[in-house]
Structure formats: C-alpha cells, structure tokens
Amino acid sequence: MRFGVLGPLAVWTDDGEPVAVPEAKVRLLLAVLLAGRGRPVSTGRLAEDLWGERPPGNALAALRVKVSQLRRILGKDAITFGAAGYTLHAGAVDADHFQDLVAGKAFTEALALWRGPAYAGFEDEEFAKAPAARLEELRLAAQEELAGLRLERGEHAALAADLGDLVASHPLRERLRAVHLRALYRAGRQGEALASYEDLRVQLADGLGVDPSPELTALHQAILRQDPGLSLAEPPRTNLPAPVSDLIGREEAVAEVRALLEGNRLVTLTGPGGVGKTRLALEAAAEPGLAFPGGVWLVELSSLSPGTTVEVAEAVAGVLGLRDDGTEPVEQRLAGVLRGAETLLVLDNCEHVVDEVAALAGRLLRAAPGLRVLTTSQEPLRIAGEAAWSVPPLPLEAAVRLFNARAGLADSEHDSEAVAEICARLDGIPLALELAATRARVLTPRQLADRLDDRFGLLAAGKRDAPARQRTLRAMIDWSWELLPDQERLVLRRLAVHADGCTLEAAEAVCAEPGLDVLPLLANLVDRSLVTRTPTGRYRLLESVAAYCRERLAEAGEQAAVELRHARHHAALAARAAPCLRGDDQRRWLAVLDAEAANLRAALETAVRQATASDLEPAVRQAAADTASLLVGSLAWYWILRGRLGEAQRALESALTVSPDARTEVWLAGLRMLAGHGPAPGGRRHEEIADPLERARAGWFLAFSLFGYDDAATVEELLGAALKEFEAHGDRWGVAAALSVRARLALFRGDLAALERDGERGLALFRETGDRWGEARAAENLATLAEITGDYARAEELRGEVLRAAEELGLAATATDALSKLGRIALLTGDLERAEDLHERARRLALAQSNRPAQEFAEIGLAIVARRQGRLEEAERYLRTWLGWVREVAGDPGAAFILAELGFVAEQRGDAEAALGLHREGLETARRTGDPRAIALALEGLAGAHSLRGDAAEAERLLAEAGELRLSVGAPLPPGERGDVDRIAARIRAL
C-alpha cells in the first residue's frame, strides 16, 4: 500500500490504483495513525481524536470496531496492537518521498507530489497540526530553494509571476521576498519591486516594530540605484574600501597574487615601505571570481603596539563584529566563527607586529580549514604553508604613467626626459612618486629632477645595508620635510602621536603652542598631501610619514611631553563623555568614543608607561598615574555598554598597577562578575569612596554585577543603600537604575506586584533622563511581566522598544536578545512560523558576535518551536546541547526550565519513565530557585508523566498543586502557555 497526506488523505495499491476508505471515522483513524506512523498511538489518544469530548458509551469497543474496519481495507497485518497502543505499519508515504527528494535537491519533482494542503480535511484536528506545519514549512523552504535556482537560470519573468501568490501568503519571509524582488527587477518591473519592499517594511514596522534585515535593505538600495550587480550573483560581504583612483602598472602583479591566493591559504606580500603592498592586496582581494561566503575583511594593524597576540586577535575580532564578553580567549572565539564559512582576511601593515601576526595566523589557519589569509609586511611571517611574494617597484614605463596621472600632466605639458629621470631616481616606488607629484603644482619636472640630484647623491654614499625604505622613501620624506616651515614641522611631528587619526580639537590640544594657530598650518599640510582629511573630518598621516615624524619628535626631545599631552586630552574627553552616557546625548557620545577607541588605548598605554618611568620627574609620573585612573574610571561604563568586558578588565588591572584606587577596584570586581568569573572576596571597597554619590553608584554597580550569583540578600542590601543615596541627592538615573535591578530581583522570587511597581517607576525615570540603554532594561522587565500575565500585545510593544533602542545605540547583544524574545511572543500567540524566523535571526546574529548566552537563548526558543511542531528529535538536540552549559553559567533557573522541556519531549514520545526522571530532577532544581512558577512547571511535567503511567489521581493532584502555586503569585497560565497542561488534562480524562 501507498499513502498520501500531501493533500487530501489518499490510499493506493502498489500498482497505483486508488483504494477507497469510505467511512469518515475510519478515514480519521487512518490519518491519526499516519501522523504517528512507526510509533504506537495510545487508545486514549485515538479515542479523543476520533470523538473528542463526546465519546460513545464504550469508547474502547467502538475504537476496536473502527480498527477492524481499517484492517479489512489495508490488510490484517497493517495495524498491530501492543501495550502502548495501535501502530500502523505503513508502506510508502508521499511525505517521506517528498523529504527524500528535497534532500537530493530534486525540488521540482518533490513539489509535484503535493495535491493540496498537508492533511487536507484534518487541518483543525490537534493530531495533524504539528506534522502539517512541519511539512508546510519544508514545502515552503523547497519553493524558496527552487525559486533561487530558477533565478540563477534566468527565468525572471515567469518566476516574478509565479511567486506573487506565495509572497502574499507568506509576506514576512524575507528570503522569499528577496528572490521575488530580484525576479521583478530583472523582469523590468522595478516599480513593483520597490512597492513589494515597501509592503514588507510597513508590515514589519506595524506588526513587529522592526525594520527589514540589513541584507534586504541593501537589496532595496541597489534596486533604487539600478546597481549593475543585481544581474549577477550576490556580492560577498566585505569591508574593503572602494578605490578612489586607478591602480596603474600592476595588471600582471594583480593576476599573479590572485593565482597565489587560489593555490595557497597564506600569502604574504613583502617589500619596502611605499612600494604599494596595501593597494595591490586590496585589488587582488576584490576579485569577483574569488568566492568567499564568509566575506573578505580588511584588518588594519598599523595603530597596534607590538607585544601580544591578543591585541592582533582583538583587532580581527573587532572587524568581524565579535562580542567581547571576556568568558573565553579571543583566539578561540575567532576560530569558532571562522570555521563556519570560507573567508579571506587581509591583514595589513604587519611589519611591527610580525611575530604576533605569525602566531595568530598559524593558529587560525589550523583551526579553520576554509580560511585564507593575505598579509602585507616588510618581511615574511616565516610559518608553514606561507607563499611569500615580493612586490617589485614599478617598471619605468608604468612609473611614468603613474607620475603623470597623479601630477595631472598631459604629454604636451611636460619634459618626458625629466619625468623619466624622476621616476628612475625614485626607484619606481609608488608612494615616493605620488609625493613627488604633489610638487608638480609649483615646480616643473626639470626643477623636480634637479632638486633630487643632491639628495639621492648623498644617500647613495650612505650604508649599502640600510633598509630599502631608508634608502628611497626616507629620502623623499626628508626632502618633503625640509620644504616645510618650522611651525608646520612642529604640527606634523606632534600629529604622529595619534593612533588612527584625530579630530581638529585633538590636533589643536596636542600641537598648540602660545601664539600658534594650528588650523591654517593643518590646512597647508593637507594641501601638501602629508596629512589626509577623511569624509568624517578626521585627520590622518600616511603610515610612512607617521613613522618618520615619530623619529623627528624624539629627536626634538618632545616625545614624552607630547605623548602625555595626548593622554591627558583623551582622558579629559572620556571624563566629559562619562556623564553623557547616562542621558539623552548617549548615542552621540558613544559614537565619539567609538571613533577614538585607538587613541584611548594609546593614551592609557602612555599613562601607565610614564607613571612607572624612573627617568621622569615625580610630578610627571604622578600626572601620568592620575591620567590612567581618570581614563579607566571614565571609560568603564562605555566598555560595558559596548560589551568589551575583556578589554575593560585588562585596562583596569593596568591602571591599578600605577594608581591603586577603591573606585577602580570596584569597577574591576563588577566587570569580572559580568564576565562570569564569580563574586570576588571582600567586595566592600565601595564603602571607602568618600563622595556619597560616587559611593552609591559603585554600590549599585556591584549589585548590578552580582545579580544572578545566588546572593540575593547582598544584592538587596547594596541596592537599598544606593537607592537611599540616589533619592537623597535627586539622582534620577541612579534611582531608575536601582529600581530596574530590584524589579529583576522581584521577578526571580515571583513577586509580580513588586516587579510591576519598580519596573514602571524605573521606566518612567529612564525616559525622563533620556537614557535609551536604561529604557531598554526597564522595558524588558515590564515585557516579561506582560508575558507572564498573558498580555502579549503589551509584551510585544515593549520588546519592540527594546529592539529599537538597541539598534539606535549599536548594542548588538541587546538587539539579539530582543529578537529572541519577540520570537517568544510569536510562539505564545501561536505564530510558529514567525517565532522560528525570529529565533533563527537571533541565532545567526549571536553566532556572528560569538555571543554564547544569546545563542543559547535563541536555540532554546527554536527547541520550543520544534517541540510544538512535533519535531521532537530536533527539540531534544537543542536542549541537550545547552543543559550542561546552562548549569555551569546560569545556574538553577535556566537548568530547571531545560529539564522541564526535556521532560515534556519524553512525555510526548510516550516514554513515561524518562519523563518522570527528568521532571523529578527539574522539580528538585526548581525548588532551589524558590520561584513558584518554576516549581509549578515541574509539577505540571510530573503530572504528564504520571498520566502516561495511568495514575490519574496523582496526575490530577499534581496539576491542582501547580495551579494553586501559580495563583499564589498572581500568574495563572495564560492561553498561550496552556498547551502542555491541556494535553495532560485531556489524557487524564481519557483514563
């Protein structure tokens, strides 16, 4: 026999002849057995599915009659009976054939099997909902895959028409929408493509309070500008900068480097400074034919200081957007992310950190088979598997073309012999040629050539073993330097202390002298191409120019003083930013500190180094120590908002070596707890802080960090003292922050009235101060309350606010968490498709950030969705993956919930003993938390296990006890969470 459930229920002989199953109850019985094929279905479940709440007088006898009728149609051996119930030994089922075809990528043939909705005619029956939903999801995924293949085959017009109804039926599936948009655009229907995107945007905004994904937004922008790339494959993810000028004379070199990249996993471009290693690397990496699904990422290392591999790894992690929670080594997190897809890393300017880059590259290449690395350095990395390629100077013809292009000279306007002489004397070094070309504004080629004679004659008589950069590029920079007036030289050499550029304000603070106007001097240096100005208004030195100027700064005897001036300026900037990070100017100041991250790190390094330098005056050392303390104290909250817990701990530890301070020690203790290292002994240093408001904030931060470490009494004590001081000083932010932590405490002890009282007041105060981070924290407390009480509309509204605040501030971890919690609301309201989509989006973001807590939260959500859809093996796989980690990191509350979910999986499988063991362990764990709702959940699970064993009285008693516990805290089960209890209650009634 063959069976069909992909449409109305159907039975065929092995030869394909239809077999009639005329009686409605017999057809229903067959459908139920097919839904559970290969597994026994209990008599109680069958009776409930056949007759619902109105069974016949002798339901079991009536059931046997229907089974007998079905056996006469299918054969007596088709259905067997055992202790667990009836089992259908089905032949071929079209649903299984469909899944096999999909696995084999035969999407057209697979979709042809469908004759209508899965389990058509039984869609509203409880037994059919989960398997039908799973099959419909697989069908939709197959339709998406087939649509993508058809798009690649160029079936744009037909596909645009065919997908219209499917998109209308599933308007929020962004992958499907993206294929449809591309098909419409390629079919010449740009207006309809834009209208379809707008339809999705409005539905997401109105329904979820979110925006379309970055990928879909980028596609929309590409359609608006009619990007030619829309007719090609999806462009790879990359941060490579767009070239601002043509690469001249490197055609063969680009081809050779690309060939090396195709055949080797590590390629290093070597050569003297200024020879064009970076430009060549960028051009080679941008080759469209090099497919890297994981992206092509440029990591600029010139601002790093040599010393540890960790700093290089952190630079790579920053470019990839990995979250720094301090819980595991950054190299380990990098390896985990890079292991997922083929990726190209371009590590630029490695010569000053070559040992560190070599160590990191070797480890990552061994851990991530799909990774390729392209580095630029003045020397090879010298590790196994490296293909080193020396970048040659430009040949004369190409050098002449480059000089003329950069100088803006036409053939008729210059002396070709003089240009050739310039290019030859500069050895074809591109940077030297470009610097020389700037002088063509005021000198003729012959005048330039004549000026070079003496300079290169002097250097040619120098040391033959000097590095090439010192024999050629140094000559060019020396020549440029000596053309500058003294005041421009002063500004240029002092600018070199900045890392990753600077603002005008910073340039003036570091370079200024009495009577010196920095701005016009800076403008002159920009005109001379010695300083560049970015579109964001920052000033930068070319790397080679900066290195040269740092040497000149030391020669002038100014290095220590100017570096300390730089450090003090950035410490003052951080101090100015600190209070603004708790108010309505929060977003702007986060952006300011983000832009100055490299300078802030350099400032701290300077302050610590000078505070311990024995050759400096005591007053200078003390000023440096004070600067270090001010820096870390001002930046601690910024690091927390940005999730840079590892960096923060290292910075605070460094500052404490030169300036022991109670406030700094409190920040360090709190950060260690936030990073999961547990409470530090003797955590009372905040009481030594003299200023009462600072002492209160330090106490609050300890409470905030200590939350979740099973020390509620200490948290409440710290909060109480801090709240009293905040109220006495009229500190609205402090009051709001204390109330928000207190609301979370109330949640974990099941005090919903206190949760609502403190949560509402905290949210109102945060809104008054304009702190979007605080609003998000307080709104999440109230969203959880709304979810508990079944007010899902309110919960969704509040979590939409959390997501918007996180996106405004660039808080990736908070945004990921908000997506999962929106998925939870979708799950509770029965929209399983949307719930799975939101949890999957959150999971992908968590993986991209290397954020394990967020990944756990998202995958547990996916497990719940899978269980509700009947995909029990998938649900169990997710739950088992995280149980051990949750026990270690989150403790009893998280473990109790996962044990309950695993128990329900076992119960739904019909395994009473496994369910009983899991729920008993879950009850013991829940009782340790003291949360009545967690205890009630375990009791409900035990009731399900006892009902499987036929013990109706014990099951009823456990359900009643659970219900009383929930009512005792004002949190009866809302409709969206009653699925398990209703199933168990129905089984009890059938016993």
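Refer to the structure printed above.
For clarity, every value in this text was computed on a predicted model and none was experimentally measured.

Undergrad: Help me understand the sheet that holds strand 8 (residues 343-348), please; the structure alone is not making it clear to me.
TA: As a general point, the strands of a sheet are linked pairwise by backbone hydrogen bonds and lie either parallel or antiparallel. Here we have five strands laid out as an open sheet, ordered 7-8-9-6-10, and parallel in their pairing. Edge strands, defined here as strands with exactly one partner in the open sheet, are strand 7 (296-300) and strand 10 (386-390). Taken over all neighbouring pairs, the strand axes of this sheet differ in orientation by 15 degrees on average, direction set aside. With five bridges joining them, strand 8 and strand 9 (residues 371-376) adopt parallel strand pairing. Its bridge partner being in strand 9, Val346 is matched across the sheet by Leu374.

Undergrad: Explain the nonpolar core here, please?
TA: Among soluble globular proteins, nonpolar side chains are generally buried collectively. In this structure, Trp637, Trp700 and Trp773 are the most contacted members of the largest nonpolar core, which totals 117 residues. Looking at which element gives the most residues to this core, the answer is helix 28 (residues 618-641), with 13 residues. Beyond its immediate chain neighbours, meaning those up to four positions away, Trp637 contacts Leu581, Arg582, Trp667, Trp700, Trp733 and Trp773. Judged by nonpolar contacts, the second largest core, of 53 residues, contains Ala826, Ile935, Leu942 and Leu973.

Undergrad: How should I be thinking about the sheet that holds strand 2 (residues 10-12) in this particular structure?
TA: A sheet is described by the order of its strands in space; here three strands give the open sequence 2-1-5, paired in mixed fashion. With one partner strand each, in any of the chains shown, strand 2 and strand 5 (92-93) form the two edges of the open sheet. Here strand 1 (residues 2-4) runs beside strand 2; their pairing, made up of three bridges, is antiparallel. In the strand pairing of strand 2, Gly4 is matched with Ala10.

Undergrad: How do you make sense of the environment of Val179 when you look at a structure like this?
TA: Structurally, Val179 can be placed in helix 8 (residues 174-186). Taking the C-alpha atoms as reference points, Val179 and Pro22, separated by 157 residues in sequence, lie 43 Å from one another. The contact partners of Val179, leaving out residues within four places of it in the chain, are Ala147, Gly148, Leu151, Leu159 and Leu163.

Undergrad: I tried to follow the packing of helix 25 (residues 559-577) against helix 28 on my own but got confused; where do I start?
TA: A pair of packed helices can be characterised by two numbers: the angle between their axes and the separation between those axes. One can describe the packing of helix 25 onto helix 28 by two numbers: an axis separation of 9 Å at closest approach and a directional angle of 30 degrees. Considered as vectors, helix 25 and helix 28 are oriented roughly parallel to each other. When you trace helix 25 past helix 28, the crossing you get is left-handed. Residues Leu564, Ala567, Arg568, His570, Ala571, Ala574 and Ala575 of helix 25 form the contact with helix 28, whose own contacting residues are Val620, Ala623, Ala624, Thr627, Leu630, Leu631, Ser634 and Leu635.

Undergrad: Looking at this model, I keep getting lost on the packing of aromatic side chains. Mind explaining?
TA: The geometry of an aromatic ring pair comes down to the distance between the two centres and the angle between the two planes. This model, assessed by the stated rule, comprises 16 aromatic pairs. Their ring planes at 85 degrees and their centres at 5.5 Å tell us that Phe98 and Trp114 sit as a pair that is edge-to-face. In this pair, Phe98 sits in helix 4 (residues 94-103) while Trp114 sits in the loop between helix 5 (107-111) and helix 6 (126-152), placing the two residues 16 residues apart along the sequence. Exposure class is identical for Phe98 and Trp114. Each is buried. Pairing Phe766 with Trp773 gives two aromatic rings, centres 6.4 Å apart and planes at 85 degrees, and the pair type is edge-to-face.

Here is what the cut-offs are and how they apply
Residues numbered from 1 in each chain as written. Predicted model: local features only at pLDDT ≥ 70, side-chain atom pairs only at ≥ 80, totals over all residues. Heavy atoms only, no water. Pairing = 2+ DSSP bridges. Helix = DSSP H or I, 4+ residues; strand = E, 2+ residues; numbered from the N terminus. Axes fitted to C-alpha atoms, helices over the stretch in contact; angles between N-to-C directions. Core = buried A, V, L, I, M, F, W, Y, C linked by side-chain atoms within 4.5 Å. Buried < 20%, exposed > 50% of the residue type's maximum accessible area, 1.4 Å probe, protein only. Contact = heavy atoms within 4.5 Å. Parallel < 35°, antiparallel > 145°, perpendicular 65-115°, else oblique. Left-handed = near helix turned anticlockwise from the far one by under 90°. Phe/Tyr/Trp six-rings, centres within 6.5 Å; stacked < 30°, edge-to-face > 60°.

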